[in-house]
Amino acid sequence: MSAEAADREAATSSRPCTPPQTSWFEFLLEESLLEKHLRKPCPDPAPVQLIVQFLEQASKPSVNEQNQVQPPPDNKRNRILKLLALKVAAHLKWDLDILEKSLSVPVLNMLLNELLCISKVPPGTKHVDMDLATLPPTTAMAILLYNRWAIRTIVQSSFPVKQAKPGPPQLSVMNQMQQEKELTENILKVLKEQASDSILVLEAALKLNKDLYVHTMRTLDLLAVEPGMVNGETESSTAGLKIRTEEMQCQVCYDLGAAYFQQGSTNSAVYENAREKFFRTKELIAEIGSLSLHCTIDEKRLAGYCQACDVLVPSSDSTSQQLTPYSQVHICLRSGNYQDVVKIFIEDNLTFSLPVQFRQSVLRELFQKAQQGNEALDEICFKVCACNTVRDILEGRAISVQFNQLFLRPNKEKIDFLLEVCSRSVNLEKASDSLKGNMAAFLKNVCLGLEDLQYVFMISSHELFITLLKDEERKLLVDQMRKRSPRVNLCIKPVTSFYDIPASASVNIGQLEHQLILSVDPWRIRQILIELHGMTSERQFWTVSNKWEVPSVYSGVILGIKDNLTRDLVYILMAKGLHCSTVKDFSHAKQLFAACLELVTEFSPKLRQVMLNEMLLLDIHTHEAGTGQSGERPPSDLISRVRGYLEMRLPDIPLRQVIAEECVAFMLNWRENEYLTLQVPAFLLQNNPYVKLGQLLAATCKELPGPKESRRTAKDLWEVVVQICSVSSQHKRGNDGRVSLIKQRESTLGIMYRSELLSFIKKLREPLVLTIILSLFVKLHNVREDIVNDITAEHISIWPSSIPNLQSVDFEAVAITVKELVRYALSINPNNHSWLIIQADIYFATNQYSAALHYYLQAGAVCSDFFNKAVPPDVYTDQVIKRMIKCCSLLNCHTQVAILCQFLREIDYKTAFKSLQEQNSHDAMDSYYDYIWDVTILEYLTYLHHKRGETDKRQIAIKAIGQTELNASNPEEVLQLAAQRRKKKFLQAMAKLYF
């Protein structure tokens, strides 16, 4: 390079990144300096800051001429900003460890959604329904990245987070933090709802046997110039950064293992899946070795996971000799065999195989159980603590505070046990001089701390003491002890509990806060808070755990309580009660709510009503999870309380939307249609959308048996749902950055949002109500002009057949809702044949013919005792049979097509003959001839095989014709019986094939 060129290069590289009157990201954009900026050794701003700024600018809402806030415009500038953010992430090689560490959940969610969009992931299609093997490599990799991030985020959210100390209150900062927290919570809620789908996607990825590619800065530039360049011709070859199959599988296995391990806390059987994935990860790391460029696994954390899985899921053929010390300790703790834990710890003092942290965690667990009232564990706690102390001494660490506390009141048994542990923990023949010196110093210090000479002589006369200390040292120690004043006694003060032992204030506060987090006993929580407030008045103890969450409608009232102790107590009791209710620990939830109700009744009528409402919701959940599952009706008192809540007109009472939802769903589930139809006050219908919806559903159920012209409420319900599913024009092109894989566009035109309607429907269990809602949405789906294959449903005729303004309905959202509702309905009753037919029709309409056949056959099986009885004609209608025929035809199962043609009311010979002419059939062909009962079709088969020279197959067809029960001279009953028997065998064979 010439000197002049070098000067120009230096001037360019030293040019500031923020020129006057232009923001730095616009400068990077206009001057195309992004790549040069990223190549700098320490770019400022950093790459992750660039991503945040690019996406923030691209998602800024716009303001029109009427000063109305509108979604961000889909213009060239915003598209380029999003592309720049993707290029920065590509520069970081899409490393989730880096991105998750530096980006918030909402920003990373927005980034990955943009990656899905630019990678041509079809909108409105669930990832779990897509075949990764047939997708372009960059599209499949984008889906994997999103779903890996989804389960990693769910796992990360389950870990405790230390709260940052609050600084000086600033309203704008607090509002921004609150908005980000709410957005993150909403994202997590959707991710958790879709967790099972994400896991299925990742499990499917493990079956791929091809390398994948992820977008680079070059491929993103190509996309910007010509979209087909990447997701078209070159996609399956070398476009993008190559990710080897082993590297992809290694990352996916690790993330799946972490997800399964997190789920194991509620379902221990899942630990087996976690163990399998983690050990597969170790195998893949060994295979990849140092060649890995893109697979970054924390091997220390992986080793910890594997060790934990070995403890939680020991191999079935393991014996007690083969178990690791971890597994042995875990089994002993689980079975309550604590003496064996002590033996293991004594043996470990010789081998040092168990980490000190693990031993301390076992001691903490035993302390917690002892403090909860199990006095028998006090002795075990001392023994385990003594074992840990001897281990500390042997490794040169200081004596723990816990040992000094527990040894303040020594007795003969404690001295004997301590000497036993010391003796069994030292192999005098092999021990080093330093180890012997540590043990001698410990025994000497124990003697100096004892006041009772009897205990001193017990130690000084012990064989270990005599071996380790010289004669002069022993005599000097005994003389020192004898010169002590007999009046000195350090143990005058009785130690009545663990917390009477002297300790620093910070230690005591930390221990009490730990108990506060664990306790679900209202009286104990009150006592702990009284002690804490007695130690310090500067702390807000309701913030101790970030898992304590109270709905925002309540928190304002509770945090307004002036007395700090009362405020903390009310907040914690409610938060713990809500948590217990969520995890279905209803007995503890009731205790906590009852204590909170008793407390607030004394000073706040508003909070008293709040607690009565929450106790009503708890009682509903308790009944639904208990006797309600067996069909037992709720007590009349509970029904009266639900009515009372719905009719409540107390001003200024904070109300949770979920309670109104649950109350209306409760009335519908227990068929209280009379009340909802005739007795609901008019003001409720105007003010509570759930009551309005419940009344329309109940009235439609009542009017269903009547003539069609009397079903006025069905029309009203139709109009309400159509309005909910409508979209307003300003939302059509909006990019709202929502979480879901499905882009939802919710309207404010209806009485509630579509997502709220879906949430409400998923609380219903009454079959008739679910059937009515399903038929309504199916009809709304069929009204669409471009629909090719209608979906059938029960009671579909009660709804209007057209909509005045088709453009106003979000049919994409309607289709998604139908799928969600059918999936939910089948989870309630998987044997409802009409719902199974709807599911089959959905798969048929989306060209998933094998799945459609599965559900058509399942619908017939559930209403015919697995085809041992005739399938009712209203289940297998001609339309259903024709769709089954088309499914078989498109799956190249042509002999099955011919057999199904016999099931129609009028046999379709044209289709049957045409299908039999096909020679490329994927079914069993001639082995199905025994299922044909129509002689005309059998004669055609005979002619066809003769014409083709297929002698063996012709003989099989002739044999089938020759069966006496198919003789045309037989009575009609014999012919029908023969047909029915063949129908049964054929359908059972089909079921075994597709189930």
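Look up a bit, the structure's there.
Figured I'd write up the structure that's included with this text. (Residues numbered from 1 in each chain as written. Predicted model: local features only at pLDDT ≥ 70, side-chain atom pairs only at ≥ 80, totals over all residues. Heavy atoms only, no water.)

1. A look at the overall build of the protein chain
Helix and strand content of the protein chain: 47 helices and 4 strands. The 995 residues of the protein chain split such that 47% are buried. Partitioning the contacts of the protein chain with sequence separation of at least 6, the portion at a separation of at least 24 is 67%. When the accessible area of the protein chain is evaluated, it comes to approximately 50900 Å², of which 52% is carbon and sulfur surface. (Helix = DSSP H or I, 4+ residues; strand = E, 2+ residues; numbered from the N terminus. Buried < 20%, exposed > 50% of the residue type's maximum accessible area, 1.4 Å probe, protein only. Contact = heavy atoms within 4.5 Å. Areas by Shrake-Rupley, 256 points an atom, 1.4 Å probe, with all protein chains shown as cover.)

2. Observations concerning the pattern of salt bridges
What the rule picks out here adds up to 39 salt bridges. Of the charged contacts in the structure, one is a salt bridge between Arg641 and Asp619, with a shortest N-O distance of 2.7 Å. Of this pair, Arg641 sits in helix α31 (residues 636-646) while Asp619 sits in helix α30 (residues 605-625), placing them 22 residues apart in sequence. Exposure remark for Arg641: the relative accessible area of 30% places this residue in the partly exposed category. For Asp619, a relative accessible area of 16% translates into the label buried. Through salt bridges with shared partners, a single ionic network connects Asp348, Arg359, Arg391, Asp392, Glu395 and Arg397. (Salt bridge = Lys/Arg side-chain N within 4 Å of Asp/Glu carboxyl O.)

3. Overview of the packing of helix α36 (residues 712-724) against helix α38 (residues 767-782)
Between α36 and α38, whose axes approach to 11 Å, the crossing angle comes to 60°. Regarding the angle of α36 to α38, the classification is oblique. Note that α36 runs across α38; the crossing there is right-handed. Contacts from Leu717, Trp718, Val721 and Val722 in α36 reach Ile772, Leu776, Phe777, Lys779 and Leu780 in α38. (Axes fitted to C-alpha atoms, helices over the stretch in contact; angles between N-to-C directions. Parallel < 35°, antiparallel > 145°, perpendicular 65-115°, else oblique. Left-handed = near helix turned anticlockwise from the far one by under 90°.)

4. Some points on α38
Given a rise of 1.5 Å per residue, 16 residues ought to cover 22 Å, and the 22 Å separating the end C-alpha atoms of α38 matches this to within 8%. Summarising burial for α38: 14 of the 16 residues are buried, a large majority. (Expected span 1.5 Å × (residues − 1).)

5. Points about the side chain of Lys414
By the element assignment, Lys414 lies in helix α20 (residues 412-424). Of the side chains bearing the opposite charge, Glu413 lies closest to the buried Lys414, which forms no salt bridge; the N-O distance is 8.8 Å. If sequence neighbours within four positions are ignored, Lys414 has contacts with Phe382, Leu406, Phe407 and Arg409. (Lys, Arg positive; Asp, Glu negative; His and termini not counted.)

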